[in-house]
Amino acid sequence: MNKVVLMGRLTRDPEVRYSQGDSSLAIARYTLAVDRRFKRDGDEQTADFINCVSFGKSAEFAEKYYHKGIKIAVSGRIQTGSYTNKDGVKVYTTEVVVEDQEFAESKNAQGGGQGSGSSYSGGPAPSGASDGFINVPEGIDSEIPFN
């Protein structure tokens, strides 16, 4: 089975070209910077830079909505190939042929907004423990629908 799932940030805007012929096909190429999950002691966090290519509607979507720095998730297959460059040297390639792609963070988080897009604006922030639960004051048990 040849299946890959990646999440990372675009290193630059997608490069989109259209094939020639009667029915032109959009081809988008972009590189994802994918953080490595684990790091060795003393090492800075490193990333792998994975070349991706998408075709057709996916490529048109990438051209319209994706830009440098955006975090996306892709799934697809790894494809290898080779060619001989103008100097006569054989160059080997590896890229992910994208089958599915989607945004991996909210628009607020992309633009440096306030967090993940969810916010509380109904008065003062409730005090709670660090576990994320809110302390309910005594005397309002009758207002809670599931007690």
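All of these numbers come straight from a predicted model, not from anything done at the bench.

(A) Spotlight on the overall build of the protein. A tally of regular secondary structure across the protein gives two helices and six strands. Buried positions account for 22% of the 147 residues belonging to the protein. Long-range pairs, those at least 24 residues apart, make up 56% of the contacts in the protein between residues at least 6 apart in sequence.

(B) Fine view of the nonpolar core. With 18 residues, the main nonpolar core has Leu6, Leu10, Tyr30, Leu32, Tyr66, Ile72 and Val74 as its most contacted residues. Among the elements of the structure, strand 1 (4-10), strand 3 (26-35), helix 1 (57-65), strand 5 (71-84) and strand 6 (90-103) are those that each provide at least two residues to this core. Take this core: its biggest share by element is five residues, from strand 3. If we skip the residues at most four places from it in the chain, Leu6 touches Leu32, Val34, Ile50, Ile72, Ala73, Val74 and Val96.

(C) Fine view of the pairing of strand 5. One ladder, built from six bridges, connects strand 1 with strand 5; its direction is antiparallel. Bridging across to strand 5, Arg9 finds its partner in Lys71. Connecting strand 5 to the antiparallel partner strand 6 that follows it, the hairpin turn spans five residues, and Gly88 within it adopts a positive phi of roughly 80°.

(D) Just the environment of Cys52, in detail. Relative to the helices and strands, Cys52 resides in strand 4 (residues 47-55). Classification of Cys52 as buried rests on a relative accessible area of 1%. The contact partners of Cys52, leaving out residues within four places of it in the chain, are Ala28, Arg29, Tyr30, Leu32, Val96 and Val98.

(E) View of the confidence of the model for the protein. Mean pLDDT for the protein: 81, with 71% of residues reaching 70 or above. pLDDT under 50 marks residues 112-129. Its contacts with residues more than four places away, or in other chains, come to 15 contacts.

(F) Region of interest: the pattern of salt bridges. Using the criterion set out here, one finds six salt bridges in the structure. Its salt-bridge partner being Glu99, residue Lys3 comes within 3.5 Å of it at the nearest N-O pair. With Lys3 in the segment before strand 1 and Glu99 in strand 6, the pair connects residues that are 96 residues apart, well separated along the chain. With relative accessibility at 46%, the residue Glu99 sits in the partly exposed group. Among the salt bridges present, the one from Glu15 reaches Arg17, with a minimum N-O distance of 3.2 Å.

What counts, and at which threshold
- Once a new chain begins, its residue numbering starts again from 1 and follows that chain's sequence as written.
- It should be noted that, the model being predicted, local features are given only for residues of pLDDT at least 70 and side-chain atom pairs only at 80 or more, the latter also being counted only at that level, while totals for whole chains, interfaces and linings use all residues.
- To get the side-chain values, all heavy atoms of the structure are used, and hydrogens and water are removed first.
- Secondary structure elements follow DSSP: runs of H or I no shorter than four residues count as helices, runs of E no shorter than two count as strands, and numbering proceeds from the N terminus.
- Classification of residues uses two cut-offs on accessible area relative to the type maximum, computed with a 1.4 Å probe and protein chains only: under 20% is buried, over 50% is exposed, and between them is partly exposed.
- We call two residues contacting when some pair of their heavy atoms lies within 4.5 Å.
- Take the buried Ala, Val, Leu, Ile, Met, Phe, Trp, Tyr and Cys residues and link them wherever side-chain atoms come within 4.5 Å; each set so joined is a nonpolar core.
- For two strands to be treated as a pair, DSSP must find at least two bridges joining them.
- Confidence per residue, as judged by the predictor, is encoded in pLDDT with a range of 0 to 100.
- Salt bridge, as applied in this entry: a Lys or Arg side-chain nitrogen positioned within 4 Å of an Asp or Glu carboxyl oxygen.

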